[in-house]
Amino acid sequence: MKTKAAVLRNINGPLIIEELEIPVLKRGQVLVKILYSGLCHSNINEIRGRKGANFIPHLTGHEASAIVMEVGEGVSKVRENDYVVCSWVKGSGLEVSSVKYQSNTDIVNAGACSTFVEYAIVSENRIVKIPREVEPIVASLLGCAVQVGASIIDKSGIKSGQKLAVFGIGGIGASVLIRAISLGIECYAFDVMSWKLNWVRKELGVIAVHFDDFNIAHFNDGFDFSVECSGNKAAMETAYECLKSNGTAIIAGNLKPGEKISIDYWGLLTGKTLKGAWGGLSFLDADVPFYALSYIYGSLPIDKLITKVYPFNEINAGLEDLESGRLVRGVIKILGD
């Protein structure tokens, strides 16, 4: 069986649409038909070589909605025709860390969940079944942006009435905001893109300030919590500096390899906390179904995050828009209706 896929063959891209041969399923693997796949800055990091180059040629993409076509030996979590979310975040089930597709000339590598492909082989522990009431275009964002961003809030210890600063309004940052708002948390958003600040004000009703205009004196005693999602050094440092003496800064963004941040050690001595949030500390099997139901019941407006939908053959245009800051979250229509 063959499939079209967007292949990364060289650092700095572009992705090339090719036809690949799908290998026979191994124990613990699932063949899925990808409907929609979200665009994430981690895809840009791969394309720019920030995660190395020894895996190229390679398939990227790691959040998608899909239909199960076939299950391999040992798979008990899903069955044929199930409606699922595919994610880089691990859940229960068997782990198969890599897939090798065959092109006309060579082997194309893929991870346990690579979704810029029409028909993908995914590890059992990277998929979870969800209700069909969630539209496929919306469901695709549950695989990374929503799951990671919302779970940062749910596992941070922040409470209703406390004050939160979010730096960087992309898919993760916007998901942090929509979850925090649903819990009655007082939110403030900071970014360098004026259109994103306007979007936050209009769509989420949140106070939004240009990062260059940030002044802690305007926010009384500071923030109880902050979440940094931009991957910017200055934003990470400000996320820490803006805290109250007992506040917590959570870093979700990624710096370039070798880049470091500096903080005032006195804040640590007097009670500030600085920590990272790899994957938002989420667990696929519990968090994705919960956020899917939250969307169905109207408390988590995931659809607001979608800035633009691109056909599969325009995936490079979508990635360019993402890198240029023109998207909150872009989505690629792979084989969706």
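Residues numbered from 1 in each chain as written. Predicted model: local features only at pLDDT ≥ 70, side-chain atom pairs only at ≥ 80, totals over all residues. Heavy atoms only, no water.

Novice: So, the overall build of the chain: which residues are in play, and what are the values?
Specialist: The helix and strand inventory of the chain stands at nine helices and 18 strands. A compact globule built from 337 residues should have a C-alpha radius of gyration of about 20 Å, and the chain, at 20 Å, falls within 12% of that. When burial is assessed residue by residue, the chain has 56% of its 337 residues classed as buried. Relative to all contacts within the chain whose residues are 6 or more apart in sequence, the contacts with residues 24 or more apart total 70%. (Helix = DSSP H or I, 4+ residues; strand = E, 2+ residues; numbered from the N terminus. Rg over C-alpha atoms; globule rule 2.2 N^0.38 Å. Buried < 20%, exposed > 50% of the residue type's maximum accessible area, 1.4 Å probe, protein only. Contact = heavy atoms within 4.5 Å.)

Novice: Tell me about empty space enclosed by the protein, residues and numbers included.
Specialist: It is a probe the size of a water molecule, rolled over the atoms, that shows where empty space is left. Considering all chains together, one arrives at one cavity of 30 Å³ or more under this definition. Within this model, the largest cavity holds a volume of roughly 60 Å³. Taken together, 10 residues make up the lining of the largest cavity; nearest its centre are I152, K155, I250, A277 and L281. Residues that form the lining of the largest cavity fall into these classes: four nonpolar, four polar and two charged. (1 Å grid on protein atoms, 1.4 Å probe; cavity = no way out; pocket = protein on both sides within 12 Å on 5 of 7 lines; lining within 4 Å. Points joined across faces, edges and corners; volume = space filled by probe spheres on them. Nonpolar A, V, L, I, M, F, W, Y, C, P; charged D, E, K, R; others polar.)

Novice: Residues and numbers for helix α3 (residues 145-154), please.
Specialist: Within α3, nine of the 10 residues are buried, which leaves it mostly tucked inside the rest of the structure. Along α3, the residues that are buried comprise A145, V146, Q147, V148, G149, A150, S151, I152 and I153.

Novice: Account for the side chain of E237, with residues named and values stated.
Specialist: One can find E237 in helix α6 (residues 233-241). Relative accessible area serves as the criterion here: at 13%, E237 is assigned to the buried category. One polar contact links E237 to K233, side chain to side chain, over a distance of 2.7 Å. Residue contacts for E237: discarding those within four places in its chain leaves I261 and S262. (Polar contact = N/O pair within 3.5 Å; in protein donor to acceptor, adjacent residues only side chain to side chain.)

Novice: Describe the environment of L183, listing the residues and the values that go with them.
Specialist: Its place among the elements puts L183 in the loop between α4 (171-182) and β12 (186-191). Overall, the relative accessible area of 33% leaves L183 in the partly exposed class. C-alpha separation for the pair L183 and S160, spaced 23 residues apart in sequence, amounts to 6.0 Å. Setting aside residues no more than four positions away along its own chain, L183 makes contact with I153, D154 and S160.

Novice: Pulling in residues and values, what's your account of the environment of L94?
Specialist: Here L94 shows up in the loop between β6 (83-87) and β7 (98-102). Its relative accessible area of 27% is what places L94 among the partly exposed residues. Along the primary structure L94 and R126 are separated by 32 residues, whereas in three dimensions their C-alpha atoms are 9.0 Å apart.

Novice: An account of the pattern of salt bridges is needed here, citing residue identities and associated values.
Specialist: Under the defined criterion, the tally for this structure stands at 15 salt bridges. As a salt-bridge pair, R329 and E63 come within 3.0 Å of each other at their nearest N and O atoms. You can see R329 sitting in strand β18 (residues 329-333) and its partner E63 sitting in strand β5 (residues 63-71), a full 266 residues away along the chain. The residues R329 and E63 share a single accessibility class, namely buried. (Salt bridge = Lys/Arg side-chain N within 4 Å of Asp/Glu carboxyl O.)

Novice: Please set out the sheet that holds strand β16 (residues 273-276) residue by residue, giving values where relevant.
Specialist: To summarise the sheet geometry, strands pair through backbone hydrogen bonds and adopt either a parallel or an antiparallel arrangement. In spatial order, the strands read β13-β12-β11-β14-β15-β16; together these six strands make up an open sheet with parallel pairing. The sheet is open, and its two edges are formed by β13 (207-210) and β16, each paired on a single side. When the angles between neighbouring strand axes are averaged without regard to direction, this sheet yields 20 degrees. Note: strand β11 (residues 163-167) against β12, five bridges, orientation parallel. Residue V166 lies in a different strand from β12, and its bridge partner there is A189. This element, α6, spans β11, β14 (223-228), β15 (243-251) and β16 of the sheet and lies at about 150 degrees to β15. (Pairing = 2+ DSSP bridges. Axes fitted to C-alpha atoms, helices over the stretch in contact; angles between N-to-C directions.)

Taken by themselves, the reported measurements are silent on function.
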